[in-house]
Amino acid sequence: RDDDDINDVASMAGVNLNEESARIMATNSDLVGTQIQSCKDEPFLAAIPLHKRILETAKKLGITDVPAEVVTFISHATQNRLRTVIEKVTVITQHRMESYKDDEWYEQATDVRSQLKFFEQLERLEKQRKDEQEREILLKAAKSRSRQEDPEQARLKQKAKEMQQQELAQMRQRDANLTALAAIGPRKKRKLDAPGLLSIGGEGMGLCGGSQAGLGTASPRQYPRQKITRVNLRDFIFYMEQEREMSHSLLLYRALLK
């Protein structure tokens with residue numbers, strides 16, 4: 001009875017179900033009776049070198065024959081293991097690159113960079129103070145006019161003379177640089193728009209100028225910038241330290257020696 005109701009509705013709409021079924025079967029006749037299979041299984045590693053390596057290891061254990069299925073299985077296992085390692089190391093790198101300076105839930109406790117800058121400034125001031133003291137000693141030695149001079153006094157005078165000559169040469173070089181910059185004039189900013197490209201305001205230049213009238217206002221195409229995650233050796237060492245299988249491995253020991 002339900003089929004009769006459907007036939008009645010279809011006939012009222014002017015649709016013949018038998019003709020539609022025959023048309024569908026004729027359209028998809030190439031798919032009827034076919035068997036769908038998955039893609040060809042491609043090994044991740046080169047089969048011949050991998051098989052040779054497996055045979056070398058198997059001979060040590062008394063195994064002389066290794067079927068091809070074992071090579072395929074090990075190749076897929078290597079691919080899966082490498083994918084897992086890359087995913088975990090990528091997460092570690094992303095965590096390292098996260099910045100919490102603008103997060104309201106975090107408060108900065110120490111700033112090592114500012115501390116290093118402070119110590120560098122102290123060393124610079126200390127070096128400057130020592131240089132000033134040495135300069136005063138040399139100037140006093142140069143101004144002294146004692147008739148009987150010892151070798152140390154003569155050495156200080158010679159050093160003071162060399163220092164004055166060096167300062168004079170630096171002043172001359174500075175004046176020459178300022179004169180050259182004044183002769184060149186102010187630097188001009190390089191134009192970002194190149195011939196043959198569309199500018200930001202939509203005005204065509206070069207080759208695009210002829211087609212501007214037909215296209216109207218054009219906007220530059222913005223391509224999404226691909227984010228690159230750079231993994232360093234420290235991230236990989238941290239990953240190996242967290243893994244149970246690699247925390248006491250020779251590979252971790254070699255990585256720590258680098």
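Residues numbered from 1 in each chain as written. Predicted model: local features only at pLDDT ≥ 70, side-chain atom pairs only at ≥ 80, totals over all residues. Heavy atoms only, no water.

The protein chain is annotated in an unreviewed UniProt entry as TAF4 factor of Illadopsis cleaveri. Here the protein chain is described in UniProt, under the heading Subcellular location (unreviewed entry), as follows: "Nucleus". Turning to the protein chain, the UniProt annotation filed under Sequence similarities (unreviewed entry) states: "Belongs to the TAF4 family." (UniProt positions renumbered as here; feature names shortened; annotations may be inferred.)

**Looking at the side chain of Ser75**
Along the chain, Ser75 turns up in helix α4 (residues 68–97). Given a relative accessible area of 0%, Ser75 falls into the buried group. Discounting chain neighbours no more than four positions away, the residues touching Ser75 are Pro43, Phe44, Leu45 and Leu50. (Helix = DSSP H or I, 4+ residues; strand = E, 2+ residues; numbered from the N terminus. Buried < 20%, exposed > 50% of the residue type's maximum accessible area, 1.4 Å probe, protein only. Contact = heavy atoms within 4.5 Å.)

**Considerations on the environment of Leu233**
Tracing the backbone shows Leu233 in helix α8 (residues 233–242). Put simply, Leu233 and Leu256 are 23 residues apart on the chain and 9.2 Å apart in space, counted from C-alpha to C-alpha. Residues in contact with Leu233, not counting those within four places in the same chain, are Ala255 and Lys258.

**Looking at the layout of surface pockets**
Which parts of space are left empty comes out when a probe the size of a water molecule is rolled across the atoms. Quantified by volume, the largest pocket comes out at close to 170 Å³. If you go around the largest pocket, the residues you meet are Glu98, Tyr100, Lys101, Tyr106, Glu107 and Gln108. (1 Å grid on protein atoms, 1.4 Å probe; cavity = no way out; pocket = protein on both sides within 12 Å on 5 of 7 lines; lining within 4 Å. Points joined across faces, edges and corners; volume = space filled by probe spheres on them.)

**With respect to a nonpolar patch on the surface**
A contiguous nonpolar patch, built from Phe44, Leu45, Leu82 and Ile86 and spanning about 330 Å² of accessible area, is present on the exposed surface. As for its position among the elements, Leu82 is in helix α4. Overall, Leu82 belongs to the partly exposed group, its relative accessible area being 40%. (Patch = residues over 30% accessible without salt bridge, like charges linked within 9 Å, V, L, I, M, F, W, Y side chains within 5 Å. Areas by Shrake-Rupley, 256 points an atom, 1.4 Å probe, with all protein chains shown as cover. Salt bridge = Lys/Arg side-chain N within 4 Å of Asp/Glu carboxyl O.)

**Some details on the nonpolar core**
Counting residues in hydrophobic clusters, the biggest one holds 9 residues: Val85, Val89, Ile92, Ile237, Tyr239, Met240, Met246, Leu252 and Ala255. At the level of elements, α4, α8 and α9 (250–257) are the ones that each hand at least two residues to this core. (Core = buried A, V, L, I, M, F, W, Y, C linked by side-chain atoms within 4.5 Å.)

**Observations regarding the confidence of the model for the protein chain**
When pLDDT is averaged along the protein chain, the result is 77; 74% of the residues meet or exceed 70. The low-confidence segment residues 194–216 (pLDDT under 50) makes 18 contacts with residues lying over four places distant or belonging to another chain. (pLDDT = per-residue confidence, 0-100.)

**Things to note about the pattern of salt bridges**
One pass over the structure, following the stated rule, counts 5 salt bridges. Two residues, Arg129 and Glu126, come together in a salt bridge whose shortest N-O distance is 2.3 Å. You can see Arg129 and its partner Glu126 sitting in helix α5 (residues 112–143), 3 residues apart, about one turn around the helix.

**Considering the packing of α4 against α8**
Interaxial distance between α4 and α8 falls to 9 Å at its minimum, and their mutual angle equals 115 degrees. Crossing angle aside, the handedness with which α4 passes α8 is right-handed. Each of Arg81, Val85, Lys88, Val89, Ile92, Thr93 and Arg96 in α4 lies in contact with α8, whose residues at this interface are Arg234, Asp235, Phe236, Phe238 and Tyr239. Classifying every residue of the contact of α4 with α8 gives 6 nonpolar, 1 polar and 5 charged. (Axes fitted to C-alpha atoms, helices over the stretch in contact; angles between N-to-C directions. Left-handed = near helix turned anticlockwise from the far one by under 90°. Nonpolar A, V, L, I, M, F, W, Y, C, P; charged D, E, K, R; others polar.)

**Observations regarding α4**
The end-to-end C-alpha distance of α4 is 44 Å, a good match for the 44 Å that 30 residues give at a rise of 1.5 Å each. When we look at burial in α4, the residues that qualify are Val71, Ser75, Val85, Val89, Ile92 and Thr93. (Expected span 1.5 Å × (residues − 1).)

**Comments concerning the side chain of Thr93**
Structurally, the position occupied by Thr93 is in helix α4. Within the local environment of Thr93, its side chain forms a polar contact with the side chain of Asp235, the two groups lying 3.1 Å apart. (Polar contact = N/O pair within 3.5 Å; in protein donor to acceptor, adjacent residues only side chain to side chain.)

**Details of the packing of α8 against α9**
Close contact between α8 and α9 brings their axes to 10 Å; oriented N to C, the two are set at 150 degrees. Viewed along their axes, α8 and α9 form a crossing whose handedness is left-handed. Contacts between α8 and α9 involve Leu233, Phe236, Ile237, Met240 and Glu241 from the first element and Leu251, Leu252, Ala255 and Leu256 from the second. Looking at the contact of α8 with α9 residue by residue, the class counts come to 8 nonpolar, no polar and 1 charged.

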